[in-house]
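Chain by chain, the residues run as shown.
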There are 2 protein chains.
Amino acid sequence: MQENRFAVVAEVGDRIADLSTPRPIVDEDRMAANISRVQSYMDANGLRFRPHIKTHKIPALAAAQVAAGAKGINCQKISEAEVFAAAGFEDILITFNILGPQKLERLSELHENIAGLKVVADSTVTVDGLSAHFADRKPLAVLVECDTGGGRCGVQKPEAASLLAKRIVEAKGLVFGGLVTYPKPQSASDVEAFISQTLALLQTEGIACPIVSNGGTPSLFEAHLVTSATEHRAGTYIYNDRSMVRMGHCTEDDCAMHVLSTVVSRPTADRAVIDAGSKALTSDLHGFADFGAIVGYPQARITSLSEEHGVIDLSNCTGDRPKIGEKLFIIPNHTCVVSNLFDTMVFHRNGTVSRVEEVAARGLVW
Amino acid sequence: MQENRFAVVAEVGDRIADLSTPRPIVDEDRMAANISRVQSYMDANGLRFRPHIKTHKIPALAAAQVAAGAKGINCQKISEAEVFAAAGFEDILITFNILGPQKLERLSELHENIAGLKVVADSTVTVDGLSAHFADRKPLAVLVECDTGGGRCGVQKPEAASLLAKRIVEAKGLVFGGLVTYPKPQSASDVEAFISQTLALLQTEGIACPIVSNGGTPSLFEAHLVTSATEHRAGTYIYNDRSMVRMGHCTEDDCAMHVLSTVVSRPTADRAVIDAGSKALTSDLHGFADFGAIVGYPQARITSLSEEHGVIDLSNCTGDRPKIGEKLFIIPNHTCVVSNLFDTMVFHRNGTVSRVEEVAARGLVW
């Protein structure tokens, strides 16, 4: 179906308003402005910037991020790193505990092919597994993941971070690469406290820490407050979405991705049904009570999704109400998961299709 | 990447427990039993059964459903119908209002290639659009979608259903195909009342109604209570999922799909993190407060998902707690959306891979 999948999408020069729906579309100019705005901030604050490609999974977009000044990329899984390594990227940080024989084998194949592969670990199990595999191979850089309040992965205390760093230093086949954190928003002081304490402990151990990698888009413009950080990672900023608007990172006019959909039914005066459901918008609420913001209809609410239908409550609409056949531009709650649903992404400039890219790293295991 | 996507998956004969994760897997025997159980019920009650392929999007599975006795298939979008028509299926009902020039063109191409294409409509806009396109072409069967309480698409009253049926009868290029409803669970009497009243009105108009198509898995075993129905549509029953267990349609032992994942971190005594996040399980809650049931750990709760991580709260676990590297079998809240995330589906019998199928109809627009 691959050829067909491309055939049915769109041609350069098509009008966005004429495209069949549902499908995500990306505004080239807004995306370029998002890349530029964030890179300028990182440059102004002397932070190396490592974009997370999980948001778009498209090598051409990562190339634009690097051309703007980014240093290396961030991947969340080996398959993403494989796709981007094949596209010529060398400095790749996989922020994930890699476990199991198949993943270790794929990881070492990848490591043989590029210069700057790095992974993270937050346990002796992960470190020892990496060491056993890489003991007689090209040494692999491993960063210690720290839970500075994000509540996901990561060692819980600076002492634990220092101990795990020491274990990496002493492990065959591994090189200590530094520290990584994915903090909760607005927690710069907590991050700085955890990291600076860890760096002090490492110093007493005589362990050099080449990289301190902070992350996240929501509080991206507070990255300079984490003075110990040498780099920042962020993904969502390239497209932005409704949750980033709510977090104050951007405005609706900075949202480069819309899900283009069509009103297919108006069963009652207060109900519209669109052709974008959970297989186009995803069910990510991200703290919202509805499933996206409809441009031009601020009082309309997407109250429920089935797989290929979205139900819109129009009861609060004081002005016009969308008609059957009308195209709606929806700002999704979360862009990264929408990218993951479609094999192709359509880009446009002022409403005219500028290019169609394969979402090359989606649909894969690992 | 297509070849690679297959290459990284699994080989027939592999042990499921050895597969890399995260990935959905399907138990062949449970799936076969689900197909047989539902088909037997439909046969015993004299109902034609039309499986909805949106759940699996795999032609080989629809072939097994038809081999068991199903009459035709149900698709939710044109791209699904195109994939299944190319695989040899002729009797296809697309339960969607088809609007817009590109979709109408694709629909007529499809209609030229198969014998039994049918679509639905719930408005004069949809009917008139279909009629304008098919006026000088091979006539298309159009069924009237009725909202019998489901609250999605559909005309609201039997009178409106009868009027729209009459418009189809009188429209150039169209043939009235019957009535369709997708009701809310446990509403057999409401469905029967709406449909029987509509049939009476059609009779007074002298309009024959060849098909009355009822639908849904949750109350599937009440389908015989809708005595006016000539056929039933259902998708989820082939795999089943956590929401179907809650609805009383099946037990956990009837759930054929599991999402296989690995514990990658144990940051605290009460927290485990797995490699299955919203890009493997989806964020579909379907009324639950957590994101799936973990086989063997009934007290563990998947409390939050990021894209490639799932956070599990172990605080209520009185027995063993999962260890780093341990594989977990998760019954997803909703299987149909999980199928949509992966390019391939791995099937197994007693834990040994029996086949790997491409999820042929996923990732497409339209």
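Residues numbered from 1 in each chain as written. Chains lettered and ligands numbered in written order. Predicted model: local features only at pLDDT ≥ 70, side-chain atom pairs only at ≥ 80, totals over all residues. Heavy atoms only, no water.

The name given to chain A in an unreviewed UniProt entry is Alanine racemase domain-containing protein, with the source organism recorded as Rhizobium gallicum. One UniProt comment on chain A, placed under Sequence similarities (unreviewed entry), says "Belongs to the DSD1 family." (UniProt positions renumbered as here; feature names shortened; annotations may be inferred.)

Caption draft 1: Examining the interface of chain A and chain B more closely. Listed per partner, the contact involves 69 residues of chain A and 69 residues of chain B. Roughly 5600 Å² is buried in total at the junction of chain A and chain B, and carbon and sulfur atoms are behind 53% of that figure. Counting across the chain A and chain B interface gives 10 salt bridges. A salt bridge links arginine 362 of chain B to aspartate 343 of chain A; its shortest N-O distance comes to 3.2 Å. Put simply, chain A and chain B have 30 residue pairs in polar contact (both at pLDDT 80 or more) between them. Within the residue set of the side of chain A that touches chain B, elements represented by two or more residues are α1 (2–7), α4 (78–86), β4 (91–97), α5 (101–113), α6 (124–134), β10 (257–268), β11 (271–274) and α10 (335–339) of chain A. Per-element accounting of the side of chain A that touches chain B gives the leading share, 5 residues, to β10 of chain A. Residues of the side of chain A that touches chain B, tallied by class, amount to 24 nonpolar, 23 polar and 22 charged. (Contact = heavy atoms within 4.5 Å. Buried area = accessible area lost by both parts, 1.4 Å probe. Salt bridge = Lys/Arg side-chain N within 4 Å of Asp/Glu carboxyl O. Polar contact = N/O pair within 3.5 Å; in protein donor to acceptor, adjacent residues only side chain to side chain. Helix = DSSP H or I, 4+ residues; strand = E, 2+ residues; numbered from the N terminus. Nonpolar A, V, L, I, M, F, W, Y, C, P; charged D, E, K, R; others polar.)

Caption draft 2: Expanded view of the relation of the copies chain A and chain B. For these two chains of identical sequence, chain A goes onto chain B by a turn of 180 degrees and a shift of 0.0 Å along the axis, with RMSD 0.0 Å. Taken together, the rotation angle and the small translation identify this as a two-fold axis. Residues of chain A ranked by C-alpha distance from the rotation axis are headed by serine 283 of chain A, positioned 2.6 Å from it. A share of 100% of interface residues in chain A that are also interface residues in chain B marks the association as one of identical surfaces. (Least-squares fit on C-alpha atoms with pLDDT ≥ 70 in both.)

Caption draft 3: Main features of the sheet that holds strand β6 (residues 140–146) of chain B. Residue and element names in this part refer to chain B. With parallel pairing, the 8 strands of this open sheet are ordered in space as β2-β9-β8-β7-β6-β5-β4-β3. Every other strand in the sheet has two partners, leaving β2 (48–51) and β3 (73–75) as the edge strands with one partner each. Geometrically, the sheet is characterised by an average inter-axis angle of 30 degrees between neighbouring strands, direction not taken into account. Pairing of strand β4 (residues 91–97) with strand β5 (residues 116–121), which is carried by 5 bridges, proceeds in the parallel orientation. The residue bridging leucine 93 from the neighbouring strand is lysine 118, located in β5. (Pairing = 2+ DSSP bridges. Axes fitted to C-alpha atoms, helices over the stretch in contact; angles between N-to-C directions.)

Caption draft 4: Fine view of the domain arrangement of chain A. Residue and element names in this part refer to chain A. Here the domain parsing of chain A yields domain 1 (16–26 + 249–358) and domain 2 (45–240). Facing 16 residues of domain 1, the contacting portion of domain 2 comprises 16 residues. Interface area, domain 1 with domain 2, both sides summed: about 1200 Å², of which 62% is carbon and sulfur. When residues of domain 1 are sorted by the area they lose upon contact with domain 2, His249, Thr335 and Cys336 head the list and together hold 44% of the total. If you look at where domain 1 meets domain 2, you find 0 salt bridges. For the pair domain 1 and domain 2, the interface holds 5 residue pairs in polar contact (both at pLDDT 80 or more). (Domains from an automatic or database assignment.)

Caption draft 5: Layout of empty space enclosed by the protein. As enumerated under the stated definition, the model contains 7 cavities of 30 Å³ or more in all. Taken as a whole, the largest cavity spans an internal volume of roughly 130 Å³. Along its surface, the largest cavity is lined by 16 residues, and Ser278, Thr282 and Leu341 of chain A together with Thr282 and Leu341 of chain B are the ones closest to its centre. For the lining of the largest cavity, the per-class residue count stands at 4 nonpolar, 8 polar and 4 charged. (1 Å grid on protein atoms, 1.4 Å probe; cavity = no way out; pocket = protein on both sides within 12 Å on 5 of 7 lines; lining within 4 Å. Points joined across faces, edges and corners; volume = space filled by probe spheres on them.)

Caption draft 6: Structural detail: the UniProt feature "domain: D-serine dehydratase-like" (unreviewed entry) in chain A. Residues annotated in UniProt with the feature "domain: D-serine dehydratase-like" (unreviewed entry) correspond here to residues 256–349 of chain A. A distance of 11 Å separates the end C-alpha atoms of residues 256–349 of chain A, which is 5% helix and 40% strand.

Caption draft 7: Representation of the sheet that holds β4 of chain A within the structure. All names here are of chain A. Read from one edge to the other, the open sheet built from 8 strands follows the order β2-β9-β8-β7-β6-β5-β4-β3, with strand pairing classed as parallel. Of all strands in the sheet, those bounded by a partner on one side alone are β2 (48–51) and β3 (73–75). In this sheet, neighbouring strand axes are inclined to one another by 30 degrees on average, regardless of whether the strands run parallel or antiparallel. With 4 bridges connecting them, β2 and strand β9 (residues 231–234) associate as parallel partners. Bridge assignment links proline 51 to a residue of β9, and that residue is alanine 234. Running at roughly 145 degrees to strand β5 (residues 116–121), α5 makes contact with β4, β5 and β6 (140–146) of the sheet.

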